[in-house]
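Inside the fold
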Amino acid sequence: MYNTNKMSKVFSLKRLGRSLVCRILESQVRRLRAKHSFKLVAVAGSIGKTSTKLAIAHSLEVSKRVMYQTGNYNDRVTVPLVIFGRTLPPLFNIAAWLKIFLLNEKTIRLPYYYDVVIVELGPDGPGQMKDFAYLEPDIAVVTAITPEHMEYFKTLDAVAAEELTVCDFSKKVLVNADDIPAGYLEGRAVLTYGTSDVYTYKITDSVSKGLEGTDVELQLAAEPPLQAQAQIVGAQGVKILLAAAATGQLLGLTDDELQRGLQEIKPFAGRMQILRGIKGSTIIDDTYNASPEPVIAALDVLYAAKSSQRIAILGNMNELGEYSEEAHRKVGAYCQPDKLDIVVTIGPDAEKYLAPAAKGKGCQVHSFSSPYEAGEFVAKRLKDGAVVLAEGSQNRVFAEESLKVLLADKADESRLVRQSRVWMAKKRKQFRPL
C-alpha cells in the first residue's frame, strides 16, 4: 500500500509539474507570436510527419531562415521548445527550466531571427491535438490518416477526428488527399495534394531512376508545371516532395527558389535512405518506424530494383493495438515470391502474423527475435549485388541494428537512426549484441 501511494504521489507531482511547464511555455509562445512576424508551419498526420517536416525545412532553407528540430519534438512540452530553439531538460531539473524560461523572455524581447518555424504535432491519444490550438499555424500539413496508436484510438474514425482537429485552428490546411479517406474531408476548407487531377497540387509525371531518385513534374495550383530531379525514391517520397513544394508556394517562394529548394531534399536517416552494403550490395534503410502503407510502398521500391537478389527484413509494426494482426497479415500477403528471395522477420507479431502470410504466398521466410541475429543471417546468405530493404518500429525491434553487419563502410553506422548513448543503452537492455 505504501509503495502504491508513493507512486501515485510521484505521478501526480509529475503531472502537475508538466502542466505548469506547459502553461508557461505556451504563454511565452503566444507573446512571441504576437510581437514578431514569422510564419509557423505545423505538420500532422498518422505517418510521414518527420520526413515531411524535414523536406519542407530543407527546401525552404535555400531562401528563408528556418527554425526546426531534426528529431521527434512533437508533444505538448517539446513543441514550444522548438520555436525557441531549446532542448528538453529533465522535468524535475528546476534550475534548467528556469534558465529556459529566462532565455525565452530574452528571445521575446529581441528581434526574432527566423522567417519560418516548422513543428511536428504528434498526439498519442484522443483529445491531445486541441492542446496545440494556441499555435494558430499559418499552414498545417496533414500527411495521412492511417491506423496509429490503436491501443488508445481504437478506430480509424477516432484517428481522423484527432488528426484533423488541426483544421479547426490553422489558417490554411494542406492535406494529402491520396492517403486520407474522402469522407473525412467533407465540409472542410482544405487544399489538397497528391496524384489526382482534381487536387490543388498534383504530381503530373513521375519517372523513377531506380534507387538513384525520381524525375518529377509538379503542378502547383494554377502555375505552370515545375520540373525537378529528386534524390528521393518511391511514390511516398514523391508525395513528400510535393508537400514541400506546395508549402513553399503558399509561403511565397518563386519557381526558381522552389526548384533550388527541391534539390536539397535528400533521404533522411531511417527513411528510405540508400547505403552501400558488403559484396556490392545496396541497402534501403527505412527503419525509423513502420506501419502497413509505408512498408508496402517501400516493398514496391525493392521490387522495382534490378538485382541478383532481393531481401526484405521486416520488423514488428508497434503501437497498432487490435489492428496489429490485420496489419502484419496485410504486409505478409503483399510479399511476392517472384520478387523476393528471402523474407526475414524481427519480433513476435511479425513472426506470428506476417511470416505465415508471406509463407502462404510462397516466400522463403526466416524469423528472429533479435535484430543482431537477423543481420548475421542475412550477411551469410547475401549474394553479390543484392538489394536489402529493412523496415521496423522501435522497442523490441530496432531493425537498424540488423544493418550494421551489412554495411560496406563502418562509418555509415553513424547514419543509422537511434545511435545516441541513450538509445544504445536501451538496445543493450533489450538485446545482447552478437
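Note that the coordinates shown come from a computational prediction; the quantities given were computed from them, not determined experimentally.

A few points about the overall build of the protein chain
The helix and strand tally for the protein chain stands at 13 helices and 15 strands. Compactness check: the protein chain gives a C-alpha radius of gyration of 22 Å against a globular reference of 22 Å for 434 residues, within 12% of the reference. Along the longest, intermediate and shortest principal axes, the C-alpha atoms of the protein chain span 70 × 60 × 45 Å. A total of 434 residues make up the protein chain; the buried ones form 53% of that total.

Comments concerning the packing of aromatic side chains
When we look at a pair of aromatic rings, we describe it by the centre distance and by the angle of the planes. Applying the stated criterion across every chain, the model contains eight aromatic pairs. With a centroid separation of 5.8 Å and an interplanar angle of 65°, the aromatic rings of tyrosine 112 and tyrosine 114 are classed as edge-to-face. The exposure class assigned to tyrosine 114 is partly exposed, which follows from its relative accessible area of 24%. An aromatic cluster is present here, built from Phe38, Tyr112, Tyr113 and Tyr114 joined pairwise through their rings.

Brief notes about a nonpolar patch on the surface
Taken together, the side chains of Leu13, Leu16 and Phe92 make up a nonpolar region of the molecular surface, amounting to roughly 330 Å² of accessible area. In this structure leucine 16 comes out as exposed when scored by relative accessible area, which is 55%.

Describing the sheet that holds strand 12 (residues 310–315)
Strand pairing in a sheet relies on backbone hydrogen bonds. The paired strands run either parallel or antiparallel. The six strands are arranged 10-11-15-12-13-14 in an open sheet whose pairing can be described as mixed. Across the chains shown, the open sheet's two edge strands, defined by having one partner strand only, are strand 10 (273–276) and strand 14 (365–368). Ignoring strand direction, the axes of neighbouring strands in this sheet form an average angle of 20°. Sitting on the sheet, helix 11 (residues 348–360) is in contact with strand 12, strand 13 (342–346) and strand 14, with an inclination near 165° to strand 13. Strand contacts of helix 12 (residues 371–381): strand 12, strand 13, strand 14 and strand 15 (387–391), with the helix running at about 165° to strand 13, the strand carrying the most contacts.

Some details on the packing of helix 2 (residues 49–60) against helix 7 (residues 234–250)
Here helix 2 crosses helix 7 at 50°, and the two axes come no closer than 9 Å. In terms of orientation, helix 2 and helix 7 fall into the oblique class. Crossing hand, helix 2 versus helix 7: right-handed. Facing helix 2, whose interface residues are Ser51, Thr52, Ala55, Ile56, Ser59 and Leu60, helix 7 presents Ile240, Ala243, Ala244, Thr247 and Gly248. Classifying every residue of the contact of helix 2 with helix 7 by side-chain character gives six nonpolar, five polar and no charged.

Some remarks on the sheet that holds strand 9 (residues 226–230)
Ordered by their spatial adjacency, nine strands build an open sheet running 2-3-1-4-5-6-7-8-9, and the pairing between neighbours is mixed. For this open sheet the edge positions go to strand 2 (66–67) and strand 9, each flanked by a neighbour on one side alone. In this structure, strand 5 (residues 172–176) lies alongside strand 6 (residues 191–194), joined through three bridges in parallel fashion. Note that in strand 6 the partner of leucine 174 across the bridge is leucine 191. Sheet strands touched by helix 2: strand 1 (39–44), strand 2, strand 3 (116–120) and strand 4 (139–142). Its angle to strand 3, the strand with the most contacts, is close to 170°. Along the sheet face, helix 7 touches strand 1, strand 4, strand 5, strand 6, strand 7 (201–208), strand 8 (214–220) and strand 9 and points at about 40° away from the line of strand 8.

Some details on the nonpolar core
If you look at the biggest cluster of nonpolar residues, it comprises 77 residues, and the most contacted ones within it are Ile83, Val119, Leu121 and Leu135. In terms of residues, this core owes the most to one element, helix 9 (residues 292–304), which gives seven residues. Those residues in contact with leucine 135 that sit more than four places away from it in its chain are Val29, Arg33, Leu40, Val79, Ile83, Val119 and Leu121. Core analysis: the second largest hydrophobic core is formed by 38 residues, Leu241, Ala244, Ala246 and Leu258 among them.

A few points about the pairing of strand 1
Of all six residues in strand 1, five are buried, a share of seventy percent or more. Bridging between strand 1 and strand 3 involves five bridges; their strand directions are parallel. Bridge pairing in strand 3 places alanine 42 opposite valine 119.

What counts, and where the lines are drawn
Residues numbered from 1 in each chain as written. Predicted model: local features only at pLDDT ≥ 70, side-chain atom pairs only at ≥ 80, totals over all residues. Heavy atoms only, no water. Helix = DSSP H or I, 4+ residues; strand = E, 2+ residues; numbered from the N terminus. Rg over C-alpha atoms; globule rule 2.2 N^0.38 Å. Buried < 20%, exposed > 50% of the residue type's maximum accessible area, 1.4 Å probe, protein only. Phe/Tyr/Trp six-rings, centres within 6.5 Å; stacked < 30°, edge-to-face > 60°. Patch = residues over 30% accessible without salt bridge, like charges linked within 9 Å, V, L, I, M, F, W, Y side chains within 5 Å. Areas by Shrake-Rupley, 256 points an atom, 1.4 Å probe, with all protein chains shown as cover. Salt bridge = Lys/Arg side-chain N within 4 Å of Asp/Glu carboxyl O. Pairing = 2+ DSSP bridges. Axes fitted to C-alpha atoms, helices over the stretch in contact; angles between N-to-C directions. Contact = heavy atoms within 4.5 Å. Parallel < 35°, antiparallel > 145°, perpendicular 65-115°, else oblique. Left-handed = near helix turned anticlockwise from the far one by under 90°. Nonpolar A, V, L, I, M, F, W, Y, C, P; charged D, E, K, R; others polar. Core = buried A, V, L, I, M, F, W, Y, C linked by side-chain atoms within 4.5 Å.

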